[in-house]
Amino acid sequence: YAEGLPSKLNAEGTDPSTALVTLLYSEVGELNEVIELWRHGSTGAMERSRVAARSAQKWRNSIAEIAALATSFTSTIHKPLDFSPLR
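Since this is a predicted model, take the numbers as computed values, not measurements.

Student: How do you make sense of the overall build of the protein chain when you look at a structure like this?
Tutor: What the protein chain contains, in helices and strands, is three helices and two strands. Secondary structure elements of the protein chain occur, N-terminal to C-terminal, as α-β-β-α-α. If one aligns the C-alpha atoms of the protein chain with their principal axes, the spans along those axes are about 40 × 35 × 20 Å. Each of the 87 residues in the protein chain was classed as buried or not, and the buried ones make up 18%. Sequence-distant contacts in the protein chain: of pairs separated by 6 or more residues, those separated by 24 or more amount to 49%. For the protein chain, the exposed surface amounts to about 7000 Å²; the carbon and sulfur share of it is 56%. Between the centroid of the 9 positive side chains of the protein chain and the centroid of its 10 negative side chains there is a distance of 8 Å.

Student: It is not clear to me how the nonpolar core should be interpreted in this structure. Could you clarify?
Tutor: The nonpolar side chains of a soluble globular protein tend to be buried with one another. In terms of nonpolar packing, the biggest core is built from six residues, these being L5, A11, A52, A53, A56 and W59. Each residue touching A56, except ones within four places of it in the same chain, is listed here: S7, K8 and A11.

Student: Looking at this model, I keep getting lost on the packing of aromatic side chains. Mind explaining?
Tutor: Two aromatic rings, taken as a pair, are described by how far apart their centres are and by the angle between their planes. What the rule picks out here adds up to one aromatic pair. Consider the rings of Y1 and W59, whose centres lie 5.4 Å apart with planes at 75°: the pair is edge-to-face. Of this pair, Y1 sits in the segment before α1 (5–9) while W59 sits in helix α3 (residues 57–69); the two residues are 58 residues apart in sequence, bridging distant segments of the chain. Relative accessible area serves as the criterion here: at 8%, W59 is assigned to the buried category.

The rules we used
Residue indices begin from 1 for each chain and proceed along its sequence in written order. The predicted nature of this model means local features are confined to residues of pLDDT at least 70 and side-chain atom pairs, given and counted, to a pLDDT of 80 or more, with totals for whole chains, interfaces and linings taken over all residues. Side-chain figures throughout are based on the complete set of non-hydrogen atoms in the structure, without hydrogens or water. For helices the rule is a DSSP run of H or I covering at least 4 residues; for strands it is a run of E covering at least 2, with both sets numbered from the N terminus onward. Each residue gets one of three labels from its accessible area relative to the maximum for its type: buried under 20%, exposed over 50%, partly exposed in between, using a 1.4 Å probe on protein chains only. Every residue pair with non-hydrogen atoms within 4.5 Å of one another is taken to be in contact. Per-residue and other accessible areas were derived by the Shrake-Rupley procedure at a 1.4 Å probe size, with only the shown protein chains allowed to occlude residues. Within this scheme the basic residues Lys and Arg register as positive and the acidic residues Asp and Glu register as negative, but His and the chain ends are omitted. We put the charge of a Lys on NZ, of an Arg on CZ, of an Asp on CG and of a Glu on CD. By nonpolar core is meant a set of buried Ala, Val, Leu, Ile, Met, Phe, Trp, Tyr and Cys residues that side-chain atoms within 4.5 Å join together. Note on ring pairs: Phe, Tyr and Trp rings are taken, using the six-membered ring of Trp, and paired if centres are within 6.5 Å. Classes follow the plane angle, with under 30 degrees stacked, over 60 edge-to-face and the rest tilted.

Following this line, the structure appears as C-alpha cells:
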C-alpha cells in the first residue's frame, strides 16, 4: 500500500482539486480497516481522479496484493456541514 500510494497521488490526469485529506486505520471495532478520506472539487473531479489512479501501475500492483486479503471495499460520498472546517 505504502509503495503504491505515491503513484496514485501523482497519477497523470488526476484532477487538480483532488487531495488526500487523511489516512486512518482501526484499532478497535472492525480490525484492519483502512480509510482514505479524499477531497474533490466535484463528482466529475472524483471520477477523473479515480480513472487516473487506475493507470498508475505501482498503485495497481499494490491493490492487487490488497485485494487478495480484503473482505470488502466500500466507497461513499459525504458532504461537509456548513460549520465544518473542511468547507
